Every structure is written in structure tokens, then in C-alpha cells.
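Overview (structure and organization)
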Amino acid sequence: MTRTHWAAITAVVLALLFAGAATVATAGSGDLAAARTPTADSADAGFARDMSVHHQQAVEMSFIVRDRTRNDQVRRLAYDIANTQANQRGMMLGWLDLWGLPKVAADEAPMAWMKEKGTSGHGGHGTQDAGDGPLMPGMATKADLERLGGLNGKQAEVFYLQLMINHHNGGAAMAEECAKLCTVDTERRLAQDMVDAQRSEVELMVDMLHQRGAEVLT
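Residues numbered from 1 in each chain as written. Predicted model: local features only at pLDDT ≥ 70, side-chain atom pairs only at ≥ 80, totals over all residues. Heavy atoms only, no water.

In this section: the overall build of the protein chain. When helices and strands are counted, the protein chain shows 7 helices and 0 strands. Starting at the N terminus and walking to the C terminus, you meet the elements of the protein chain as α-α-α-α-α-α-α. For the protein chain, with 218 residues in total, the buried portion stands at 49%. Look at the contacts in the protein chain between residues 6 or more apart in sequence, and 77% of them connect residues 24 or more apart. Accessible area of the protein chain: about 10,200 Å², with a carbon and sulfur share of 53%. (Helix = DSSP H or I, 4+ residues; strand = E, 2+ residues; numbered from the N terminus. Buried < 20%, exposed > 50% of the residue type's maximum accessible area, 1.4 Å probe, protein only. Contact = heavy atoms within 4.5 Å. Areas by Shrake-Rupley, 256 points an atom, 1.4 Å probe, with all protein chains shown as cover.)

If you want it as C-alpha cells, here you go:
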């Protein structure tokens with residue numbers, strides 16, 4: 001089994017553990033318990049589902065680069081991103097459990113919860129193939145992930161930073177919409193926290209990229 005597969009499996013296990021903890025922790029939350037339970041097609045539920053998928057990829061990429069470089073700064077950043085986003089993913093999956101809503105909506109296009117803005121799915125930065133399906137803002141393609149898994153050292157660091165900058169920018173844009181459209185206060189606060197943290201990390205990663213003589217992907 002490849003390191004990429006192990007990374008994906010580890011990320012799933014972490015998210016499930018966090019989801020269980022989040023369900024217990026939020027069960028007694030006055031905000032979530034007292035609020036009207038969101039519907040399956042609400043912005044609250046759609047954001048929780050879509051951002052859980054979005055976060056999953058960030059965790060996976062961070063596990064990949066951790067094994068491709070010995071640079072302490074990049075490894076520390078990757079650990080922080082993986083830990084934070086696995087935790088947040090667990091919270092969102094826990095909320096879906098608490099609301100009695102499905103974690104996957106197979107018949108719903110990504111970003112359908114943003115219909116008030118007239119937005120559906122957005123592609124990642126790379127070229128999609130049939131296996132990618134609709135990609136949410138900033139998401140890497142399967143080809144991107146395979147390429148990252150084949151790089152080492154500085155090359156892996158640069159490509160990871162490039163992918164994660166786009167990933168964070170896309171995720172922050174999604175979170176900004178939840179902060180406007182979601183109705184559960186706890187979720188709106190989490191979304192705003194994501195915006196603030198990811199914008200700050202983007203600035204750090206751009207600096208790290210420039211230190212390596214590379215530029216942001218367009």
C-alpha cells in the first residue's frame with residue numbers, strides 16, 4: 001500500500017475520532033441544541049458536508065508532504081494544518097450526526113448550498129479528468145496529489161505550498177459564504193475562524209514560497 005493511501009486512511013481515522021468527540025461535546029451545546037435543526041438542503045448542512053471533504057484533502061496533502069521533506073518549518077506547518085482541519089472536520093461531521101442529516105449527498109452538486117449566490121461547483125486550479133468529478137474551490141486534482149507524492153525535498157515543499165495556498169484561498173471563500181448564509185451561530189463562528197486562520201496561513205505560505213524562489217500558482 002502506498003504512502004498516499006496510508007495518509008488517506010490515517011486522515012479518515014482521525015476525522016472519525018474527532019467526529020465522535022465533537023458529537024458528544026456539542027450535544028449539550030445550548031446554541032446547537034436550541035437552534036432550529038437545519039434541513040438537508042440548508043447552507044448549514046451543505047457547508048458542513050462540503051467543507052468536510054475540502055478539509056479531508058488538506059489533511060491528506062499534509063500527511064504526504066510530511067514524508068517527502070525534512071524541513072522543520074514545512075513539517076510543522078503541515079502538522080498544524082492536518083491537526084486543525086481534522087479537528088474541524090470532526091466537529092462538522094459531529095454536527096451532521098447531531099442534526100440527523102446525511103454526511104454525503106450523492107445527488108447534490110458541490111456548492112449547491114450557495115445557490116443564493118448563483119454558485120454551483122468550482123474547479124480546482126489543475127486540469128480535471130473524468131475521475132476528478134466536480135471540484136470545489138482550490139481543490140487539487142488527483143494528478144496533483146500523485147505528483148506531490150512523487151516529489152522530495154525542496155520540490156515537494158514548493159508544490160505543497162502552491163497547492164495549499166490555492167486550497168486555503170478556496171476554503172476561505174467557502175467559509176465566508178457560510179458566515180453570511182448559515183443560520184447556526186456556532187457554525188458561523190467556526191466559519192469565520194476558518195477565514196481568519198487560513199488567510200493568515202496563506203500570507204505565511206506565500207513568504208515561504210518566495211524564500212524558495214517560487215511563485216503562487218495561477
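Let us now look at the pattern of salt bridges. Counted according to the given criterion, the structure contains 6 salt bridges. Between Arg199 and Glu176 there is a salt bridge, and its shortest N-O distance comes to 3.4 Å. Taken together, the residues span a long stretch of sequence, with Arg199 in helix H7 (residues 185–211) and Glu176 in helix H6 (residues 153–181) at a distance of 23 residues. Judged by relative accessible area, Arg199 falls into the partly exposed class, the value being 31%. Residue Glu176 is classed as partly exposed on the basis of its relative accessible area of 31%. The partner of Lys180 in a salt bridge is Glu177, and the shortest N-O contact between them spans 3.6 Å. Here Glu177 and Lys180 lie together in helix H6, a separation of 3 residues that amounts to about one turn. (Salt bridge = Lys/Arg side-chain N within 4 Å of Asp/Glu carboxyl O.)

Bringing the state of the cysteines into the picture now. What the rule picks out here adds up to 1 disulfide. Through a disulfide, Cys178 is tied to Cys182; the S-S separation comes to 2.2 Å. Looking down the S-S bond of the Cys178 and Cys182 bridge, the torsion is -120°, so its handedness is left-handed. In terms of burial, Cys178 and Cys182 fall into one category: buried. (Disulfide = S-S within 2.5 Å.)

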